[in-house]
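Observations on the three-dimensional arrangement
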Amino acid sequence: MKITLYTEKGCTHCITVKGMLKKMLPEFGIEYSSTVSEVDIGSSEVLAELMMMGAESVPVVVVGSESLFGPSVLDEGSLRRIIEASLGALKGQGE
């Protein structure tokens, strides 16, 4: 299982969330580079994906069937909770 991080160039909130993930994932024994797929919202297909999720802006973090966007994506506790809920799958123990 991967974590998907939807971003946009120049987005300061995207940079903040990326930094939180880079700091947090090693605490769980997970490498950022092998676990996080960064997706730029530069295409209409990606924008359509976000709209189907109900997200109106980036950053958006998707872990399994859970997604965080809006103010909650900037809350480290919320981010930590969805990672912990999917920890087994993120470490390769299933999906």
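See the structure shown above.
A few points on the structure. (Residues numbered from 1 in each chain as written. Predicted model: local features only at pLDDT ≥ 70, side-chain atom pairs only at ≥ 80, totals over all residues. Heavy atoms only, no water.)

**So, the sheet that holds strand β3 (residues 60-63)**
If you trace the 4 strands from one edge of the open sheet to the other, you get β2-β1-β3-β4, paired in mixed fashion. Two strands lie at the open edges of the sheet, namely β2 (36-40) and β4 (66-68), each paired on one side alone. Strand-to-strand twist in this sheet, taken as the mean axis angle between neighbours without regard to direction, amounts to 20°. Bridge count for strand β1 (residues 3-7) against β2 is 5 bridges, and the pairing is parallel. Paired with L5 across the bridge in β2 is E38. Against the sheet, helix α3 (residues 44-53) contacts β1, β2, β3 and β4, and its axis sits at roughly 110° relative to β1. Contacting β1, β3 and β4, helix α4 (residues 76-85) crosses the sheet at an angle of about 165° to β4. (Pairing = 2+ DSSP bridges. Helix = DSSP H or I, 4+ residues; strand = E, 2+ residues; numbered from the N terminus. Axes fitted to C-alpha atoms, helices over the stretch in contact; angles between N-to-C directions. Contact = heavy atoms within 4.5 Å.)

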